Each structure stands twice: as C-alpha cells, then as structure tokens.
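# Structure at a glance
Take a look at the letters that make up each chain.
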Amino acid sequence: MLLQRIRFTVIIVSFALAGVFLLQGYWLYNSYQLSAEQFDKDILKLLQTLQQKHIQRDMKTLGIPLDSLRSGKRLIIGKGEKMNAFFQTFSDVTGGQPELPLLEPDDSTKGPFKLSVITQINAGKTDIKGRSKVQQTKIVNITDVFHDKSELQKLSGPLALEIDSLLHTHNIYTSYALKLSNISGRGQPYYTDSIRFEQFSRKITRLKFGILQPYFVDFSLDNNLLFIVKKMQWILLISIAIIGATAWAFLYMLRTIFQQKKMSDIKNDFFNNMTHEFKTPIATISLAVEALKNREVNSNSQRLSEYLTICQLELNRISSMVDKVLRMAAFEKNEVSLYFQTTNVLLLINKVISTMQPQLSRKNAVIHVNEGQELLPMLELDQDHIANVFYNLIENSLKYSRRLPVIKIDLRYEQAFVKISIEDNGIGIPTAYQDRVFDNFFRVPTGDLHDVKGFGMGLSYVASIVRMHHGEISVSSRLGEGSVFTICLPFK
C-alpha cells in the first residue's frame, strides 16, 4: 500500500514538473522569438541610419539644406514611378511628410527629372496680395543613373566597410551578404556572396541608398545567436536556475522518499530480528524457572547449578543485546565520548581472545595471531570500544562459519599506521553487498534462511568506532571462501 502511494505521488509530481518544464520552454521560445525580432529591428535601424547618412551626403552635394525639408517647405518633383521613388527617399529623410505635393511636369519618363526645392523664405516681406515672397528657389536636374555590375561592385566595397564599422560599434558580430541593384530594375545585380545571400534566413530588402547615384541594397544576414542570447541572458539564467532548482528538489524528494522507505523496511526487519532474538533467551529462562520450581530439581544441587547457569548466560545475552541497541542509539545522537589511553594493541587483542575462550572452545575454533617481525608502537585508543571492535569481528567469524572456524589475526606497522587484518574461512560476503556491510541495520540477504540471528548493528558499530579513532576499515571477501577485515589505526 505504501509503495503504491509513493508511485502515485511520483507520477503526479512527474506530470506536474513536465508541465512546468514545457511552459518554461514555451516561454523561453517566445522570449527568443521576441529577442530575434528586436535584433532584426536593431539591424534595420542601423541600416536606416546609414541610408540617411548617404542621402544627407548627397543633399549636401546638391546644396540642399536638410533643415529646409524638415521644416515643412514645399518639395516639387516630377511625375512618374521613378520620381515617386525619389519622393519616397526624401520622405524617409524628412520624416514622411505626406502633404508634400507632386506637381505635373512633362509626362515623359525619359530624360532628366526636375527637382525643385524652395530653400529660403523671407517671412518679413510680402507681395501686394499679402503673401510671403520667395527669396530663393533651387532647381536640380537628376537623371536616372544606370550602374553596370562592375560599378555596383565598386560601390559595395566602401558600403561593406561602413556596415562593418556600424555593426561592430554596437557589438554585433555576424556574417552577412549584400545585393546591389539599379532602382529601375535594369542590368544585373551584384552579390558580395551569392551563396550566403541565399542561405541566410534573415533578409532586409529594397533599401535606397543615395540621391545623385541611387541604388537598391538588399541585406541578408546570419542569425546572430550569441547576440540574441546576450540580450536575453538574465531571462536564460533565471530560467535555468528555476529549472535546475526544481529538478534538484524533485530528485532530492525522490531520494528522500526511497531512503525513508528503505529505512522503514530495515527497521521493520530489525524489530522482527530483535523480537526473535529476545524471545529465545526469554523462553529459555522461562523453562529454567519452571524447572527450578520442581522440588526434585531443588533437591539436586548439580541440576540447580546448571539451570541457574543457563539463566545467567541468557540474561547476559539479553544484556549484551540491549547494550548494542543502546550503543547504536547513542551513536545516532552523537552522545558517545572516547577515553583515550596509551595502549598495546597486541596485548588488547590477546585479552579479547582470552575473554572469548568459552565461545572459541564451543565452536572448536583455531585462532592464530601473527604480530609481525617489527616492533609495534603504542597507540592512543579507547580500550573498551576498540576491544568491542575486535570482539565483534571475531564473533562474526565464528557465527558465519559452516565448518571448523580458522581465524588469522595479522598485525603490521606500515608508514604511521598499525594495520590489523582479521581473516576467517567463513561463508564470505557477495561482492554486491561488500560496500554496504558497514551500514546501520544492514544484513546480507539470505532469502528465507535465518540460521544466524542478528540486528545488523555490529559492523556499523565497528566502522563508527574506527572512524572516531581517525582510522579506516575495509573488507575483502570471496563467497564460500571467507572474508578479511582490515583496520588501519594511525600512530601519533
């Protein structure tokens, strides 16, 4: 039931996060499109600036002050499609004055076009009808200029240099290509790079450059991704931060949920094991107490002593198990404090072996201690806890052996460390579980076989004590051949 609820929660949260990521992606895509459009507008604005610069330069050559056009003075030009193009050019420069009239010149589109501009008006003088007198009228004849392909090529060089300078001034570095053509549409156009011109997706067309020698410029450029990304860098950074934080929170939530489930399963196994572990000595003590109530047993001093010994051993066993649980609880709360003493490790190991002699004899175990040829230094250790470390490792060697136990203890001094190896000929540990045997409550799975009881706390306690002594512990094992636990304790 719990697993089903976890799966349902994970599915719901996954769909919600997928929706959030899709919306975030859609929003980023729209932001990119807007930035790309703004990029196009920026490019167009720069080209229009250059276009006006060329027009102003030609108007200066013609001697036509730009102020006279921007102040609303009348502009008189010829009729026809070609002259309408000129009018549109002036309209761009003068701010698009729609009221500037087109007069009726000669209908012939051949020959020179006549451009008449009133450049000065003396507002202080009037004629007999009260109208302002025109002081100066400038008439300019402009012929439809035809550029062949070679001339267009010559015009493209300086124009490209101006465009490069303008783009780089605004930190825009992108590839582009130009197409120059006559306003009349006659002749062949010139391409600075025809292949790139066709390949590039962004195009700005039919920009008019100049008055005296007018021509069309079509501008094709590559999508400047770096420039667009730079424009929307804060949006990208915030979006990436939100997506990253959300994804991390989701993964952390999943990890926490499965860790909690795992801990819940381990603790359930622990309580089941603990119940079985306590039931056995309690049942044995109950039977012994019942037997002690028997008068025949009370009258037999040998039988009485045996039953009392059984009760004492089982009570000691219960006390030992309670001590293990309390020790691990203290470790969880960081309430364990060590009392360091100068210690001879070899003597401490021999003391532990002597204490365990009844267990060793009961299992017919053989134990060898190899102290090495070098003189072992004295170490600063908490003797009680380190003794428990050796006790737990030797006890495991006895419990997890299906034949006569043979235990080898090897002591060596290597570079500022005393290395202690405890090797047995037990059932071994599968490779998949060797990294987890030091986890709290962990026991190597054995299916439905529970011939060896335990809480899964012994090796966790061992590893914790070794780490508190600034040491290291590792295990090497082969299934069916035995295990070697190696402890490295630093010498100070």
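Residues numbered from 1 in each chain as written. Predicted model: local features only at pLDDT ≥ 70, side-chain atom pairs only at ≥ 80, totals over all residues. Heavy atoms only, no water.

With an unreviewed UniProt entry as reference, the chain is termed histidine kinase, source organism Olivibacter jilunii.

Along the polypeptide, T486 turns up in strand β14 (residues 482-490). Setting aside its immediate chain neighbours within four residues, T486 contacts K419, I420, S421, E472, I473 and S474. (Helix = DSSP H or I, 4+ residues; strand = E, 2+ residues; numbered from the N terminus. Contact = heavy atoms within 4.5 Å.)

Moving on, we come to the sheet that holds strand β11 (residues 406-414). The mixed open sheet is built from 5 strands, whose spatial order is β9-β11-β12-β14-β13. Only two strands of the sheet have a single partner each, and these edge strands are β9 (366-370) and β13 (472-478). Strand-to-strand twist of the sheet, defined as the mean angle between neighbouring strand axes without regard to direction, takes the value 15°. Judged from the 7 bridges that link them, β11 and strand β12 (residues 417-423) form a sheet pairing that is antiparallel. Pairing of D410 across the sheet is with S421, part of β12. (Pairing = 2+ DSSP bridges. Axes fitted to C-alpha atoms, helices over the stretch in contact; angles between N-to-C directions.)

A word on the UniProt feature "transmembrane region" (unreviewed entry) in the chain. What UniProt calls "transmembrane region" (unreviewed entry) maps, in this numbering, to residues 7-29 and 234-254. Helix and strand shares over residues 7-29 are 100% and 0% respectively, and the end C-alpha atoms of the span are 32 Å apart. For residues 234-254, the end-to-end C-alpha separation is 30 Å, with 100% helix and 0% strand making up the annotated structure. (UniProt positions renumbered as here; feature names shortened; annotations may be inferred.)

Summarising the sheet, β9 and β11 pair through 5 bridges and their orientation is parallel. Looking across to β11, one finds that V369 is bridged to I409. Between β11 and β12, which pair antiparallel and follow one another directly, the connecting turn spans 2 residues, one of which, Q415, has a positive phi of 50°.

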